[in-house]
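Residue-level listing of the chains:
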2 protein chains.
Amino acid sequence: MKTLAEYQQIVENEITKQFFDKKTEPKELFAPIEYILEEGGKRLRPALCLLACNLFSEQIEQAVKPAVALETFHNFTLLHDDIMDKADMRRGRATVHKKWNENTAILSGDAMVILAYQLLEEIDNKHLSAVLKVFNQTSLDVCIGQQYDMNFEQRPLGNELNAVTEEEYLFMISKKTSVLIAASLQIGAILGGASKQDAENLYAFGENLGIAFQLQDDLLDVFGNEVEFGKRIGGDILANKKTFLLIKAYELLSEKTQLDTLISFSPQNEKEALLKISKVTEIYNLLTIKQITEQKSLQFYNKALQALENVQIVESKKEILKEFAKKLLNRKK
Amino acid sequence: MKTLAEYQQIVENEITKQFFDKKTEPKELFAPIEYILEEGGKRLRPALCLLACNLFSEQIEQAVKPAVALETFHNFTLLHDDIMDKADMRRGRATVHKKWNENTAILSGDAMVILAYQLLEEIDNKHLSAVLKVFNQTSLDVCIGQQYDMNFEQRPLGNELNAVTEEEYLFMISKKTSVLIAASLQIGAILGGASKQDAENLYAFGENLGIAFQLQDDLLDVFGNEVEFGKRIGGDILANKKTFLLIKAYELLSEKTQLDTLISFSPQNEKEALLKISKVTEIYNLLTIKQITEQKSLQFYNKALQALENVQIVESKKEILKEFAKKLLNRKK
């Protein structure tokens, strides 16, 4: 087994080979793809794919291109989501549709999906069909998650008919965030020659961990340290985003007028923004939302570990995944 | 062998089964997909896929889902192209981004690509990899064609540096239009158990025929019969679209001032529009552009037939493809 950083380096090298070294024409189509892959973040999904493969096989070469396929697909979703969310910035740089234009962002994104599938086509015949099925279902799930996320924006909170429930929220983040992490592990396992059951248990590990991860994300936005978090604290509150925290607060409050008033209040300056954030946070504190969310996150973390327990490999190999899970749960950014 | 209409009916039934009968949630994601597939036009690509399979095998069942994958991918390109082209209408109805909104059109289109790949996942192991490679390369080619088409809009005509050439135009329409027709035939052939060479010859047949088809399309826009064509005659002229006709006219004219003036003229009413159309058509007539384009189209038609000649099947089976090619070349709409 290697360290996560070593898997990440293998991924980085393959991305360079597949995307940065080829100067494919027309550049208008491929330059935005290079651009979004350049500042690629943590390469979490492909690194997990290689790691999962390595749990079952010393040969991880066959998982390198599929790992990059997962990263390519992930970045495609960011590219198109940024158009839909009208986001101007990503990882400190202009988003593709801002740097170029919307048409470029749509078409380059489309090409990225296909390039992702192209990175799967050399998979050995004995695994190709199984991997393709997981990749397809997961990719569709991510689209479904994004659609529910957009639907939720149009729906009410609180007691109103058709208000977003905790259960629906967890379902949405599972689709939008967790399944691709889960599939990365499952696909790596399949390519490493894992049994069907082990591959599915790793999927379950990733899915539950992904939900815990997203709940931590919701928490950090309100209770994180601005310097460590690297983003403005309270951004979700200002955007009235229907996070686990807000949905839970509405569920627990018997008298919702004060929160309703805060939600409908649109700050006109920094002072008002800070006031809104502190008032909503006050309600969260009163309801012990932080503890409730941590508890929920821990539930999913434990379910993830349980799934990992069931994987039939030596305990020592599970350590790196356990370390990784612990780090995710205790992260500050 | 069956008639083209019979293949089309098989496709229609499978589309109903795969899309219209399933009421998959969330409806916001899937309703636009049903909508664009409802008025599906001629189902040309999937019908050709089944036909090509049938040239080599009595069993065409294994080609039905892949055929629908090709139709799904084709309709995805229409959906996203309509956003990029800001088109309001398609086949007499509002486009998806007009009926819903742009975000819906982007995300539903994304889901369609994945649904197309999902329709490939049950292909037998012995053909899956080969089909996937053709499908991937073709899909990427279609994106490349669309990008060149958008690039051409920004580029000049005539003697100017960087003007679009005839060769570039033919390359673009080959990517944007022909390759998917070609791939439909090749994929059908692979699934029917054709030799690599036969499958590639059918690809070449489709590719050349597709170019001939697109050149006919350019011609019909100017020289067609409005009633039979079903669209306004001269639409391309009014849009200053860089068709084969316009590129050729610029190439042949030694004195380009008159055409330059006409191109830069933006009609303000119907009378001026008709004037622009008739003046440009006059130049086309003077240069015998119709005959030149027909000649070029015929060249590709003959190349298509030559490729078909090389396919190692009994002559009688080629008849339906020859009939089909002839009909495409002599079509009025």
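Computed from a predicted structure; not experimentally measured.

1. Quick word on the overall build of chain A
Then, number 1: The number of helices and strands found in chain A is 16 helices and 2 strands.
Then, number 2: For 333 residues, the compact-globule estimate of 2.2 N^0.38 gives 20 Å, and the C-alpha radius of gyration of chain A, at 21 Å, lies within 12% of that figure.
Then, number 3: Taken along its principal axes, the extent of the C-alpha atoms in chain A is 60 × 50 × 35 Å.
Then, number 4: Scored against the burial criterion, the 333 residues of chain A give a buried share of 59%.
Then, number 5: The long-range share in chain A, meaning contacts at least 24 apart out of those at least 6 apart in sequence, stands at 72%.
Then, number 6: Counting every atom, chain A has about 14400 Å² of accessible surface; 50% of that belongs to carbon and sulfur.
Then, number 7: On chain A, the mean spot of the 41 positive side-chain charges and the mean spot of the 48 negative ones are 2 Å from each other.

2. Some points on the relation of the copies chain A and chain B
Then, number 1: The transformation that overlays chain A on chain B combines an axial shift of 0.0 Å with a rotation of 180°, and the residual RMSD is 0.1 Å. With respect to symmetry, the two chain copies, as superposed, fit the operation of a two-fold axis. Across chain A, the rotation axis passes nearest the C-alpha of Asn125(A), at a separation of 3.2 Å.
Then, number 2: Interface residue correspondence from chain A to chain B reaches 100%, placing this contact among same-surface, isologous pairings.

3. Observations concerning the environment of Leu286(B)
Then, number 1: Within the secondary structure layout, Leu286(B) lies in helix α14 (residues 270-286).
Then, number 2: The spacing of Leu286(B) and Ala249(B) is 37 residues in sequence and 9.6 Å in space, taken between C-alpha atoms.

4. Observations concerning the domain arrangement of chain A
Residue and element names in this part refer to chain A.
Then, number 1: Under the domain assignment, chain A is made up of domain 1 (1-122) and domain 2 (126-333).
Then, number 2: A C-alpha centroid distance of 22 Å is found between domain 1 and domain 2.
Then, number 3: Listed by partner, the interface residues are 31 residues for domain 1 and 28 residues for domain 2.
Then, number 4: In this assembly, domain 1 packs against domain 2 so that about 2700 Å² is buried in total across both faces, 78% of it on carbon and sulfur atoms.
Then, number 5: Three residues stand out in domain 1 for area buried against domain 2, namely Leu48, Leu55 and Phe56, and they jointly supply 24% of the buried area on that side.
Then, number 6: For the pair domain 1 and domain 2, the number of links is 0 salt bridges.
Then, number 7: For the interface between domain 1 and domain 2, the tally reads 5 residue pairs in polar contact (both at pLDDT 80 or more).
Then, number 8: Residue assignment for the side of domain 1 that touches domain 2 shows that the elements contributing at least two residues are α1 (4-20), α3 (44-56), α4 (64-84) and α6 (102-118).

5. Observations regarding the interface of chain A and chain B
Then, number 1: Contact with chain A, which involves 38 residues of that partner, is made by 38 residues of chain B.
Then, number 2: Buried area between chain A and chain B, both sides added, is near 3700 Å², and the carbon and sulfur share of it is 68%.
Then, number 3: Its largest share of buried area at the contact with chain B, chain A owes to Leu107(A), Ile114(A) and Glu121(A), together 16% of the area lost on that side.
Then, number 4: At the surface where chain A touches chain B, the tally comes to 0 salt bridges.
Then, number 5: Taken together, the connections running from chain A to chain B amount to 12 residue pairs in polar contact (both at pLDDT 80 or more).
Then, number 6: For the side of chain A that touches chain B, the secondary structure elements donating two or more residues are α2 (27-38), α4, α6 and α7 (125-153) of chain A.
Then, number 7: The leading source of residues in the side of chain A that touches chain B is α7(A), at 16 residues.

6. With respect to the packing of α6(A) against helix α6 (residues 102-118) of chain B
Then, number 1: Relative to each other, α6(A) and α6(B) sit at 15°, their axes nearing to 11 Å. Relative to α6(B), α6(A) is oriented roughly parallel. Crossing of α6(A) over α6(B) shows right-handed handedness. Contact residues: Glu102(A), Ile106(A), Asp110(A), Val113(A), Ile114(A) and Tyr117(A) in α6(A); Glu102(B), Ile106(B), Asp110(B), Val113(B), Ile114(B) and Tyr117(B) in α6(B).
Then, number 2: Residue composition of the contact of α6(A) with α6(B), grouped by class: 8 nonpolar, no polar and 4 charged.

7. Here's the deal with the environment of Asn285(A)
Residues and elements named next belong to chain A.
Then, number 1: Mapped onto the elements, Asn285 comes out in helix α14 (residues 270-286).
Then, number 2: Its relative accessible area of 46% is what places Asn285 among the partly exposed residues.
Then, number 3: For the pair Asn285 and Ala249, spaced 36 residues apart in sequence, the C-alpha to C-alpha distance is 9.8 Å.

8. Here's the deal with α14(A)
All names here are of chain A.
Then, number 1: Compared with the 24 Å implied by 1.5 Å per residue over 17 residues, the 24 Å span of α14 between its first and last C-alpha is a close match.
Then, number 2: What α14 keeps buried is the set Ala273, Lys276, Ile277, Val280, Thr281, Ile283 and Tyr284. Projected down its long axis, α14 shows its buried positions confined to an angular sector of 155°, all on one face. Opposite the buried face of α14, at more than 90 degrees from it, the exposed residues are Lys271 and Leu286.
Then, number 3: Check the buried side of α14 and you find it contacts α9 (196-223), α11 (235-238), α12 (244-252), α13 (257-264) and α15 (289-309).
Then, number 4: In the stretch just after α14, Thr288 is the one whose phi turns positive, near 50°.

9. Observations regarding the pattern of salt bridges
Residues and elements named next belong to chain A.
Then, number 1: One pass over the full model with this rule turns up 38 salt bridges over all chains.
Then, number 2: Taking the shortest distance from any N to any O, the salt bridge between Glu309 and Lys322 comes out at 3.6 Å. Pair noted here: Glu309 is in helix α15 and Lys322 is in helix α16 (residues 315-329), with a separation of 13 residues, a long-range link.
Then, number 3: Look at Glu309 and you get partly exposed, because its relative accessible area is 35%.
Then, number 4: Among the salt bridges present, the one from Glu315 reaches Lys318, with a minimum N-O distance of 3.2 Å. A residue pair is termed a helical-turn pair when its members lie 3 or 4 positions apart in one helix, as Glu315 and Lys318 do in helix α16 at 3 residues.
Then, number 5: A single salt-bridge network, built from bridges that share partners, covers Glu166, Lys248, Glu251 and Lys296.

10. Some words on the side chain of Ser297(A)
All names here are of chain A.
Then, number 1: On the secondary structure map, Ser297 appears in helix α15.
Then, number 2: What makes Ser297 buried here is its relative accessible area of 0%.
Then, number 3: Excluding residues within four positions of it along the chain, Ser297 makes contact with Ala212, Leu215, Gln216 and Leu329.

What counts as what
Residues numbered from 1 in each chain as written. Chains lettered and ligands numbered in written order. Predicted model: local features only at pLDDT ≥ 70, side-chain atom pairs only at ≥ 80, totals over all residues. Heavy atoms only, no water. Helix = DSSP H or I, 4+ residues; strand = E, 2+ residues; numbered from the N terminus. Rg over C-alpha atoms; globule rule 2.2 N^0.38 Å. Buried < 20%, exposed > 50% of the residue type's maximum accessible area, 1.4 Å probe, protein only. Contact = heavy atoms within 4.5 Å. Areas by Shrake-Rupley, 256 points an atom, 1.4 Å probe, with all protein chains shown as cover. Lys, Arg positive; Asp, Glu negative; His and termini not counted. Charge placed at Lys NZ, Arg CZ, Asp CG, Glu CD. Least-squares fit on C-alpha atoms with pLDDT ≥ 70 in both. Domains from an automatic or database assignment. Buried area = accessible area lost by both parts, 1.4 Å probe. Salt bridge = Lys/Arg side-chain N within 4 Å of Asp/Glu carboxyl O. Polar contact = N/O pair within 3.5 Å; in protein donor to acceptor, adjacent residues only side chain to side chain. Axes fitted to C-alpha atoms, helices over the stretch in contact; angles between N-to-C directions. Parallel < 35°, antiparallel > 145°, perpendicular 65-115°, else oblique. Left-handed = near helix turned anticlockwise from the far one by under 90°. Nonpolar A, V, L, I, M, F, W, Y, C, P; charged D, E, K, R; others polar. Expected span 1.5 Å × (residues − 1). Arc of directions from axis to C-beta.

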